[in-house]
Amino acid sequence: MNCSFRIFIDTRPGAPPNAFQTLDNQGRPVIVFTQSMVQTARNADELAFVMSHEAAHHIEGHLARVNRDAALGAIVLGQLVGLSGGGASAVDAATQLGGLVGSRTFSKDYELEADRLGTVIAARAGYNPLVGVQFFERIPDPGNQFLGTHPPNAQRSELVRQTARSIGFNG
Ligand SMILES: [Zn+2]
């Protein structure tokens, strides 16, 4: 697996604090931080945890899995509308909606998977994931909404604590 990450900082003014993982057109993994994300991090542990979390998304193949889930959701919803007698435009609309529902309902699990592996990566790289996860505790808690793309902050913190304990990391 190609884990030779390219790291970019998005310096466009006004971009909100954000980090994401993608692939460049040669298939090389890329992690992008916005400048405000870097400035919002209070210490190296927080930045390392976010980077480890994004690297974990790549290692766990989440991009490909989200695309597959989205395609599956779109097909299922599109078929349901087709069966209920919706016209072509209703099928198109439902296929788009299904794509969104498919990708969003799965991504909460993916976020927790990325937190778990990210905890291991950050700890082995010499950073403190228990301090690092506090970055997520400072951002607004998305709660437990059906379509929420992120798990509740308390759930993430607890998972990081459990994972750190399971690998013998004591801070
Ligand atoms: Zn994530």
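Structure report, in brief. (Residues numbered from 1 in each chain as written. Predicted model: local features only at pLDDT ≥ 70, side-chain atom pairs only at ≥ 80, totals over all residues. Heavy atoms only, no water.)

Counted by the stated rule, this structure contains two aromatic pairs. Ring plane angle 75 degrees and centroid distance 6.0 Å describe the contact between F49 and F136, whose orientation is recorded as edge-to-face. With F49 in helix α2 (residues 44-59) and F136 in helix α6 (residues 134-138), this residue pair connects regions lying 87 residues apart in the sequence. A relative accessible area of 0% means that F49 is categorised as buried. Since its relative accessible area comes to 9%, F136 is described here as buried. Centre to centre, the rings of F135 and F136 are 5.6 Å apart; their planes meet at 80 degrees, and the pair counts as edge-to-face. Note on accessibility: F135 and F136 belong to one class, buried. Among the aromatic residues, those joined into a ring-pair cluster are F49, F135 and F136. The ring of F136 is capped by R156, whose NZ or CZ atom sits 3.8 Å from the centre of that ring. (Phe/Tyr/Trp six-rings, centres within 6.5 Å; stacked < 30°, edge-to-face > 60°. Helix = DSSP H or I, 4+ residues; strand = E, 2+ residues; numbered from the N terminus. Buried < 20%, exposed > 50% of the residue type's maximum accessible area, 1.4 Å probe, protein only. Lys NZ or Arg CZ within 6 Å of the ring centre and 35° of its normal.)

With distances of 2.0 to 2.1 Å, the protein atoms coordinating the zinc ion are H53 (NE2), H57 (NE2) and E111 (OE). Every donor residue of the zinc ion comes from the same chain, spaced as H-x3-H-x53-E. Pair noted here: H53 and H57 are both in helix α2, with a separation of four residues, about one helical turn. Both residues of the pair, H53 and H57, count as buried. (Donors = N, O, S within 2.8 Å, 3.2 Å for Na, K, Ca; no water.)

Here we come to helix α7 (residues 153-166). Counted at 1.5 Å a residue, the expected span for α7 with its 14 residues is 20 Å, and the 20 Å between its end C-alpha atoms agrees. What α7 keeps buried is the set N153, R156, S157, L159, V160, T163 and A164. Taken around the axis of α7, the buried residues stretch over an arc of 160 degrees, which confines them to a single face. Those residues of α7 that are exposed and aimed more than 90 degrees away from the buried face are A154, R165 and S166. With its phi angle positive at about 75 degrees, G168 sits one or two positions after the end of α7. (Expected span 1.5 Å × (residues − 1). Arc of directions from axis to C-beta.)

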